[in-house]
Amino acid sequence: MKRIEAVNDFVVKFANVNGSGSASANELFAKSFLRMGIPVSPRNIFPSNIQGLPTWYEVRVTESGYLGRRGGCDLMVAMNPQTWAQDVKEIDPGGYLFYDNTKPLPQSKFRDDIHVIGMPLTEIANANYADARERQLFKNIIYVGALAGMMGIEPEVIAELVGEQYKGKEKLLKPNLNAFHMGLNWAKEHLKDALGLKVRRADSVGDKIFIEGNAAAALGCVYGGATVCAWYPITPSSSLAEAFQRYCSKLRVDPVTGKNKFAIVQAEDELASIGIVTGAGWNGARAFTATSGPGISLMTEFIGLAYFAEIPVTLIDVQRGGPSTGMPTRTQQSDILACAYASHGDTKHVLLFPEDPHECFEFAATCLDLADRLQTPVFLMTDLDIGMNQRLCSPLVWDDERRYDRGKVMSAEMLEEGKEFGRYLDVDGDGIPYRTYPGTHPTKGAYFTRGTSKNPYAIYSEAGADYVYNMQRLLEKHETAKTLVPKPQLIPAKQPARFGAIFYGSTSPAMHEALDALAWQGIFVNALRVRAFPFQDEINDFVHSHTKVFVIEQNRDAQLKTLLVNEAGINPASLISILHYDGTPITARFITKEIAEIVSALNIRPIKRDKAA
Amino acid sequence: MTYILKPRLHHPTLPKNKLGFTRRDYEGKVSTLCAGCGHDSISAALIEAMWELAIEPHRVAKLSGIGCSSKTPDYFLGNSHGFNTVHGRMPSVLTGANLANRDLIYLGVSGDGDSASIGIGQFAHVMRRGVNMTYILENNGVYGLTKGQFSATADRGSKAKKGAVNQDSAIDTVSLALIMGATYVARSFSGDKKQLTPLIKAAIAHEGAAFIDVISPCVAFNNHPGSTKSYDYVREHNEAVNRLDFWPSREAITVDYSEGGVIEVPQHDGSIVRLRKLDSDYDPTDRINAITHIAQASAKGEVLTGLLYVAPDAEDLHAHLNTYEMAFNKLEEKDLCPGAGMLEKINAGLR
Ligand SMILES: Cc1ncc(C[n+]2csc(CCOP(=O)(O)OP(=O)(O)O)c2C)c(N)n1
Ligand code: SF4
Ligand SMILES: [Mg+2]
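Residues numbered from 1 in each chain as written. Chains lettered and ligands numbered in written order. Predicted model: local features only at pLDDT ≥ 70, side-chain atom pairs only at ≥ 80, totals over all residues. Heavy atoms only, no water.

A. Inspection of the overall build of chain B at higher detail. The helix and strand inventory of chain B stands at twelve helices and 13 strands. Considering chain B as a whole, with its 351 residues, one finds that 58% of them fall into the buried category. Long-range contacts, defined as pairs at least 24 residues apart, comprise 70% of the intrachain contacts of chain B with a sequence gap of at least 6. (Helix = DSSP H or I, 4+ residues; strand = E, 2+ residues; numbered from the N terminus. Buried < 20%, exposed > 50% of the residue type's maximum accessible area, 1.4 Å probe, protein only. Contact = heavy atoms within 4.5 Å.)

Now the structure itself:
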């Protein structure tokens, strides 16, 4: 029988029961690779309930640093009887099944093209612990020990991690370490050479950090100066607001008075969240909300008001798969159009597409600056894959010289000096007017904020000319936005390429890996990572300099492509969509296969044309 | 709706308040509401209250929803910032504005459609949160701006102008505000400036969620026989529980009322709300009693007006959230940004 043999390059999948305490054991397993200098990319696959339903944790061990989902499974740690059949089926031929063999299972439950590794986990746990909860929790640590023993994870590394986790809680430290060694020793004794997946210390992690995108974005909001956060719980964005709360209580409490330099309101719904954020932005505080697709739908009326009334608002959309429950705990990039054109009337909004937690941090702070500078709603478009999984990425950076860009705010002094104030007047030719904060000056600079019916001085007007002036100015402002948003990043092929590929957001790691794989097959593709909307001219130029450009997206309707055609005037005939939308993160295998097939089809010259020539 | 340009009111003597402002300084644009609309009288009472309190006009932020009532903030306090938000959602915008700068006075203006129909959720929650504000609901029982449809405060059995009879039961906004946790709740009538002005003054002094439901007849769509929000109906059925005097500071009090009929409620800022009780068993600091009283009066077909409830120990949202004293919109990098050194430490903890 074939036997998968691999060093530092494999996929392990844990099948657990939600709420069984497996999460921290699995994380311990994943982190141990990092400490040995080997990149890992773990992903939670979880249902939308708290206890009892199946949950999976997939760890890709990848010395080459390919952090996208690989697909396939080399080792299944099957700890959930409920999903047994499905889990066994998923293992690649020649792969491994690790399971608890305390109770014997009939032969029919297995496959004959995989290697089965049994260990009496329950028996060991029951023999060593009396308490039911302890038996469950330590069983998890015992299997981590066994895996470490079989793979060759250095026990010192685990000891170090456990030590950090239970620092100051010595009572918990020892029993955890004991459980780990119990597993390790049992495996060394009974499971020698059972597993062909091995670990060898490497040097591919460097100074990288391991963090969830939601936490990084929350920290970006702290660094970017957000003081007001209003939100309504929704997966996969809730942990962002919760992280903001956590970081603020550490970093934003005044040491002298003990008072908070932040206000977080868990609102009654998304209508109220966006309303609170709009009110705070109107009044000069930096404010943001975090939500997902259904929340954006509810917020759209306010988004239109903020667009027309020109109020800074930062929205973080951690995208998921559509309405209701179920797919919502799966990832997608399917709110692009909903956000780009959110609301009634002629509106278009600024969107930023971070590729990983590092950019979630950076772009969150950028969004707060852009919202103030452009006086408009700005969207940070992340997704579940980036948001709710720990991802290895470059360290977060902040320059202490950096100043918040508060945009064009007219102060009492400026008004006093007699500077002309027209709230909706374009004075600099960039479409951006000055604003005043309420309460600035006793007699100058007050204005009445409303939607569309106004002249450049914010006086009520239903005159067509005033409306057109304003709408044209908003377009001008959109042009200005192009010069301010993050530029696209070019990933040039190693050889001259006829084909291009445009991608964005969480597709990034899978795309990089696919580009390497394609190049290995002799298919060279220049790639451009779009990082924001409105689109800069570079994107146009990129499309024009290639015969065909693939647009890789994680949605059904080719939403970014639609936006490229609509807003950058790109000929749809020059774009070919590669779409992945089953709720799992896109893989390099998928992208490679799709592109390779299309390229080979395009390369076959039609016979007819040959004859005609 | 008519758009007759009305002349500015000329006050013959133009008396000045403590700050040297005349009432003129508290006015806004000329109203475009129908002549005789109750909402204009409420604007006049607001101007009077602000002038008497000698509030600096620009220190007030006016927020409203959508409706004829919600248009009125353009017609007073022309030197204040105003925000005509979206229909029914003023409370959330006011909440955010208040969080951004706790130093201003927040005035919310809404209609019955705005607050009791589309916005009932936000109405309830803003009271629960105790946002420090004065929330005026200009209650005419109809949608004025969309031309006369029933609103959710229209009484069951009341007749629309075109003859339709309302079959749904009415939402009583003062009871709702009380249940939701508002700490100052009053009701008045747009035609009773004497009662309304001190109620507004005391509401502004109150540090918490202050709510005043003002019955405000719509002359265009709800001032006919059969309407329970008409001038005639309210005048006939108005039952005041108390008369209110408002004293801006403790020192100013001169006691010249008979003891038994007077109740004093001190406010945070040292000011005093002094009530002359018309109804001998009415205690406005007793919330449960207030709820019962309103229900009893309503059963008798009376419109209970006056200060219905005030909690002297009210707390506001900033207290609940333990927020910093300085307005958030004044905080800078040095106050808000933990800096690169701290980020290094955070990075180190993520390896
Ligand atoms: C989302 C939305 N739906 C409907 C409307 C239309 N609309 C404008 S004002 C109004 C009713 C206003 O009634 P009320 O709050 O009682 O104010 P009034 O005009 O009676 O003072 C409606 C339904 C709107 N502006 N927005
Ligand atoms: S509420 Fe009625 S009376 Fe007042 S302006 Fe509107 S339509 Fe006219
Ligand atoms: Mg009304």
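B. Summary view of the overall build of chain A. Within chain A, the regular secondary structure consists of 20 helices and 23 strands. The principal-axis extent of the C-alpha atoms belonging to chain A is close to 85 × 85 × 40 Å. Across chain A, contacts joining residues at least 24 apart in sequence account for 76% of those joining residues at least 6 apart. Looking at chain A as shown, the accessible area adds up to about 23,300 Å², and 52% of this sits on carbon and sulfur atoms. (Areas by Shrake-Rupley, 256 points an atom, 1.4 Å probe, with all protein chains shown as cover.)

C. Up close: empty space enclosed by the protein. Tallied over the entire structure, the rule returns five cavities of 30 Å³ or more. Here the largest cavity defines a volume of roughly 90 Å³. Lining the largest cavity are eleven residues, with Cys34(B), Cys37(B), Cys68(B), Gly144(B) and Cys218(B) positioned closest to its centre. Grouping the amino acids of the lining of the largest cavity by side-chain chemistry returns eight nonpolar, three polar and no charged. The calculated volume of the second largest cavity comes to roughly 70 Å³. Lining the second largest cavity we find Tyr307(A), Lys348(A), His349(A), Val350(A), Leu374(A), Thr376(A), Pro377(A), Leu474(A), Lys477(A), His478(A) and Ala481(A). The greatest single-element share of the lining of the second largest cavity, amounting to four residues, is contributed by helix 15 (residues 464–484) of chain A. In the lining of the second largest cavity, the residues fall into six nonpolar, three polar and two charged. (1 Å grid on protein atoms, 1.4 Å probe; cavity = no way out; pocket = protein on both sides within 12 Å on 5 of 7 lines; lining within 4 Å. Points joined across faces, edges and corners; volume = space filled by probe spheres on them. Nonpolar A, V, L, I, M, F, W, Y, C, P; charged D, E, K, R; others polar.)

D. Structural detail: the site of ligand 2. Residue and element names in this part refer to chain B. Residues in close proximity to ligand 2 include Leu33, Cys34, Cys37, His39, Cys68, Asn140, Cys218, Val219, Ala220 and Phe221, which together make up its full environment. Judged by the proximity of its atoms to the pocket grid, ligand 2 belongs to the largest cavity. A class-by-class count of the residues in the shell around ligand 2 yields eight nonpolar, two polar and no charged. (Near = heavy atom within 4 Å. Sits in = over half its atoms within 2 Å of the grid points.)

E. Highlighting the coordination of the magnesium ion (ligand 3). All names here are of chain B. In the first shell of the magnesium ion (ligand 3), the protein supplies Asp112 (OD), Asn140 (OD1) and Val142 (O), at 2.1 Å from the metal. When the donors of the magnesium ion (ligand 3) are listed by position in the chain, the intervening gaps give D-x27-N-x1-V. Note that aspartate 112 is positioned in helix 4 (residues 112–118) and valine 142 in strand 5 (residues 142–143), a separation of 30 residues in sequence. On the basis of relative accessibility, which here comes to 4%, the residue valine 142 falls in the buried class. (Donors = N, O, S within 2.8 Å, 3.2 Å for Na, K, Ca; no water.)

F. Spotlight on the pattern of salt bridges. All names here are of chain A. Overall, the coordinates contain 44 salt bridges over all chains when judged by the stated rule. Linking arginine 435 and aspartate 372 is a salt bridge whose minimum nitrogen-to-oxygen distance equals 3.5 Å. Of this pair, arginine 435 sits in the loop between helix 14 (412–416) and strand 17 (448–449) while aspartate 372 is found in helix 12 (residues 357–374), placing the two residues 63 residues apart along the sequence. Judged by its relative accessible area of 2%, arginine 435 is buried. What you see here is one network of salt bridges that share partners, running through Arg286, Asp369, Asp372, Arg402, Arg406 and Arg435. (Salt bridge = Lys/Arg side-chain N within 4 Å of Asp/Glu carboxyl O.)

G. A look at the confidence of the model for chain B. Residues and elements named next belong to chain B. When pLDDT is averaged along chain B, the result is 89; 87% of the residues meet or exceed 70. The low-confidence segment residues 1–8, where pLDDT is below 50, has 21 contacts with residues more than four positions distant or belonging to other chains. When the criterion is pLDDT under 50, residues 250–260 qualifies, and its contacts beyond four places in sequence or with other chains add up to 16 contacts. Across the interfaces of the predicted complex, the ipTM metric reaches 0.94, alongside a pTM of 0.94. (pLDDT = per-residue confidence, 0-100.)

H. Here's a closer look at the site of ligand 1. Residue and element names in this part refer to chain B. By nearness alone, 18 residues border ligand 1, and Cys68, Ser69, Asp112, Gly113 and Asp114 come closest of all. Between aspartate 114 and ligand 1, the recorded distance is 2.7 Å, taken from a backbone N or O atom to an oxygen atom. Asparagine 140 is positioned with one of its side-chain polar atoms (N or O) 3.0 Å from an oxygen atom of ligand 1. With the chains in place, 77% of the 600 Å² that ligand 1 exposes on its own is no longer accessible. Listed by contribution, the elements that provide at least two residues to the shell around ligand 1 are helix 2 (68–71), helix 4 and strand 5. Counting residues per element, the shell around ligand 1 draws most heavily on helix 4, at four residues. The residue makeup of the shell around ligand 1, split by class, is six nonpolar, nine polar and three charged. (Polar contact = N/O pair within 3.5 Å; in protein donor to acceptor, adjacent residues only side chain to side chain.)

I. Just the sheet that holds strand 22 (residues 548–553) of chain A, in detail. Residues and elements named next belong to chain A. Taken in spatial order, the five strands of this open sheet run 18-20-19-22-23, and their pairing is mixed. Looking at strand neighbours, the two that pair on one side only are strand 18 (489–491) and strand 23 (575–579), the edges of this open sheet. Sheet twist, expressed as the mean angle between neighbouring strand axes with direction ignored, is 25 degrees. Of the strand pairs in this sheet, strand 18 and strand 20 (residues 525–529) are connected by three bridges, and their pairing is antiparallel. (Pairing = 2+ DSSP bridges. Axes fitted to C-alpha atoms, helices over the stretch in contact; angles between N-to-C directions.)

J. Here's a closer look at the confidence of the model for chain A. Mean pLDDT over chain A works out to 95, with 97% of the residues at or above the 70 mark. Ignoring residues within four places in sequence, the model shows residues 609–613 of chain A, a span with pLDDT below 50, making one contact including any to other chains.

K. Looking closely at unusual backbone geometry. A cis amide bond, omega 5 degrees, links Thr235(A) with the succeeding residue Pro236(A). Mapping Pro236(A) onto the fold places it in the loop between strand 10 (228–231) and helix 8 (238–251). Here Phe533(A) and Pro534(A) are connected by a cis peptide whose omega angle stands at 10 degrees. Phi is positive for Ala54(B), which is not a glycine, with a value near 55 degrees. Turning to its location among the elements, Ala54(B) is positioned in the loop between helix 1 (38–53) and strand 1 (60–64). Judged by its relative accessible area of 13%, Ala54(B) falls in the buried class. Positive phi, close to 50 degrees, is recorded for Leu77(B), a residue that is not glycine. By secondary structure assignment, the location of Leu77(B) is in the loop between helix 2 and strand 2 (81–84). Judged by its relative accessible area of 1%, Leu77(B) falls in the buried class.

L. Spatial organisation of the interface of chain B and chain A. With 56 residues of chain B at the interface, the matching set in chain A holds 67 residues. For the pair chain B and chain A, the summed buried surface comes to about 5,300 Å²; carbon and sulfur atoms form 62% of the total. At the boundary of chain B and chain A, one finds two salt bridges. One salt bridge connects Arg129(B) with Glu268(A), and the closest N-O pair in it is separated by 2.8 Å. Connecting chain B to chain A are 24 residue pairs in polar contact (both at pLDDT 80 or more). Among the residues forming the side of chain B that touches chain A, the class breakdown is 23 nonpolar, 22 polar and eleven charged. Where strand 17 of chain A meets strand 2 of chain B, two bridges bridge the pair, whose relative direction is parallel. Bridge assignment links Thr449(A) to a residue of strand 2 of chain B, and that residue is Phe83(B). (Buried area = accessible area lost by both parts, 1.4 Å probe.)

M. Expanded view of the nonpolar core. Within the largest apolar cluster, 149 residues are counted, with the highest numbers of intra-cluster contacts made by Phe244(A), Leu352(A), Ile502(A) and Met127(B). The greatest single-element share of this core, amounting to ten residues, is contributed by helix 12 of chain A. Leaving out residues up to four positions away in the same chain, Met127(B) has contacts with Met133(B), Tyr135(B), Ala177(B), Met180(B), Gly181(B), Ala182(B), Ala209(B) and Phe211(B). (Core = buried A, V, L, I, M, F, W, Y, C linked by side-chain atoms within 4.5 Å.)

N. Spatial organisation of the environment of Ser334(A). Residue and element names in this part refer to chain A. Inspection of the secondary structure assignment puts serine 334 in the loop between strand 13 (313–319) and helix 11 (336–340). Residue classification places serine 334 among the buried positions, given a relative accessible area of 18%. Separated by 195 residues in sequence, serine 334 and arginine 529 place their C-alpha atoms 17 Å apart. Those residues in contact with serine 334 that sit more than four places away from it in its chain are Gln319, Arg320, Gln554, Asn555 and Gln559. Among the polar contacts listed, one links the side chain of serine 334 to the side chain of glutamine 332, at a separation of 2.9 Å.

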